[in-house]
Amino acid sequence: FVADPMCSWCWGFTPAISAIRNKYADRLTIQLVVGGLRAGNDKIMSDEEKGYIRHHWEEVNKATGQPFDFNFFERNDFTYDTEPACRACVTVRGLKSDAALNYLELLHKSFYANNQDITATSVLASLATSLGVDAIQFAKVFSSDKARTATHDDFQVACNLGVTGFPTVVAVDKAADE
């Protein structure tokens, strides 16, 4: 499952991926690969960018019914950099693999429905600890070069898979590979 924590269509797809997880939990393994939608962006959002992104949020809300807090667009100093949230997913996946998809969902809900800043390390850590991840371990791994490299490796995996949009589900039949 190739997704990004700050991708509105990924948030819109959350009920579908949750249903798949629940229905096929006994015979399907879903591995999260983070895509890096706007990784490394260092520019504060302009009014034009806010309009563009708001339009996407409205479309996702209309198509899926997923909730959005549009007060987000009242911020004047937000930099839409998805790398920290992607790295947090990779960190949680490494520390508590069974929590990775739940963490992604929590990030989506926190960002889109609750207007939390999931580019902030303190928010990312708090959300991880709410799923039972040790706070000290999270902070140590999250800030490491190893986590940065692993995150960029995920971006490369998505690219190598030919992913050009999020969310993307890539199915692999391991029995066919044997």
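What about the side chain of Asp81?
Counting through the fold element by element, Asp81 comes out in the loop between α2 (47–64) and α3 (83–95). A polar contact of 2.7 Å, which involves the side chain of Asp81, links it to the backbone nitrogen of Gly40. Side-chain polar atoms of Asp81 contact the backbone nitrogen of Glu83, separated by 3.0 Å. In this view, Asp81 contacts Met6, Arg38, Ala39, Gly40, Asn41 and Thr119; residues no more than four positions away in its chain are not counted.

Digging into the packing of helix α1 (residues 8–23) against α2
Orientation of α1 relative to α2, taken along the N-to-C sense of each, is 15 degrees, at an axis distance of 9 Å. In terms of orientation, α1 and α2 fall into the roughly parallel class. For α1 against α2, the interelement crossing comes out right-handed. Only His56, Trp57, Glu59, Val60, Ala63 and Thr64 of α2 make contact with α1, whose side of the interface consists of Ser8, Trp9 and Gly12. Here the residues of the contact of α1 with α2 sort into four nonpolar, four polar and one charged.

Things to note about the packing of aromatic side chains
A complete count under the given rule lists 20 aromatic pairs for this structure. When the centroid spacing of 6.5 Å and the interplanar angle of 10 degrees are considered together, the rings of Trp11 and Tyr112 count as stacked. Within this pair, whereas Trp11 is found in helix α1, its partner Tyr112 is found in helix α4 (residues 100–113), the two being separated by 101 residues in sequence. You can call Tyr112 buried: its relative accessible area is 0%. Ring plane angle 25 degrees and centroid distance 6.4 Å describe the contact between Phe70 and Phe73, whose orientation is recorded as stacked. Phe70 gets classed as partly exposed once you look at its relative accessible area, which sits at 22%. With relative accessibility at 11%, the residue Phe73 sits in the buried group. A connected cluster of aromatic rings, assembled from ring pairs, spans Trp11, Trp57, Phe68, Phe70, Phe72, Phe73, Phe78, Tyr80, Phe111 and Tyr112. Taking NZ or CZ as reference, Arg38 lies 5.2 Å from the ring centre of Tyr80, over its face. Against the face of Phe142 rests Arg87, its NZ or CZ located 4.1 Å from the ring centre.

Observations concerning the packing of helix α5 (residues 121–129) against helix α6 (residues 135–142)
One way to put it is that α5 packs onto α6 with a least axis distance of 9 Å and a crossing angle of 135 degrees. With respect to their mutual orientation, α5 and α6 come out oblique. Where α5 crosses over α6, the two elements pack in a sense that is right-handed. Within the contact between the two elements, α5 uses Thr121, Leu124, Ala125, Ala128 and Thr129 and α6 uses Ala135, Phe138 and Phe142.

Let's talk about the layout of surface pockets
Considering only enclosed or pocket space, the largest pocket measures out at about 520 Å³ in volume. Lining of the largest pocket is provided by 17 residues; of these, Thr29, Ile30, Gln31, Val170 and Val172 occupy positions nearest its centre. Within the lining of the largest pocket, the residues separate by chemical class into 13 nonpolar, three polar and one charged. Volume-wise, the second largest pocket comes out at about 220 Å³. Looking at the lining of the second largest pocket, the elements with two or more residues in it are α1 and α2.

Cut-offs applied
Residues numbered from 1 in each chain as written. Predicted model: local features only at pLDDT ≥ 70, side-chain atom pairs only at ≥ 80, totals over all residues. Heavy atoms only, no water. Helix = DSSP H or I, 4+ residues; strand = E, 2+ residues; numbered from the N terminus. Polar contact = N/O pair within 3.5 Å; in protein donor to acceptor, adjacent residues only side chain to side chain. Contact = heavy atoms within 4.5 Å. Axes fitted to C-alpha atoms, helices over the stretch in contact; angles between N-to-C directions. Parallel < 35°, antiparallel > 145°, perpendicular 65-115°, else oblique. Left-handed = near helix turned anticlockwise from the far one by under 90°. Nonpolar A, V, L, I, M, F, W, Y, C, P; charged D, E, K, R; others polar. Phe/Tyr/Trp six-rings, centres within 6.5 Å; stacked < 30°, edge-to-face > 60°. Buried < 20%, exposed > 50% of the residue type's maximum accessible area, 1.4 Å probe, protein only. Lys NZ or Arg CZ within 6 Å of the ring centre and 35° of its normal. 1 Å grid on protein atoms, 1.4 Å probe; cavity = no way out; pocket = protein on both sides within 12 Å on 5 of 7 lines; lining within 4 Å. Points joined across faces, edges and corners; volume = space filled by probe spheres on them.

Remember that the coordinates give geometry; whether it matters functionally is a separate question.
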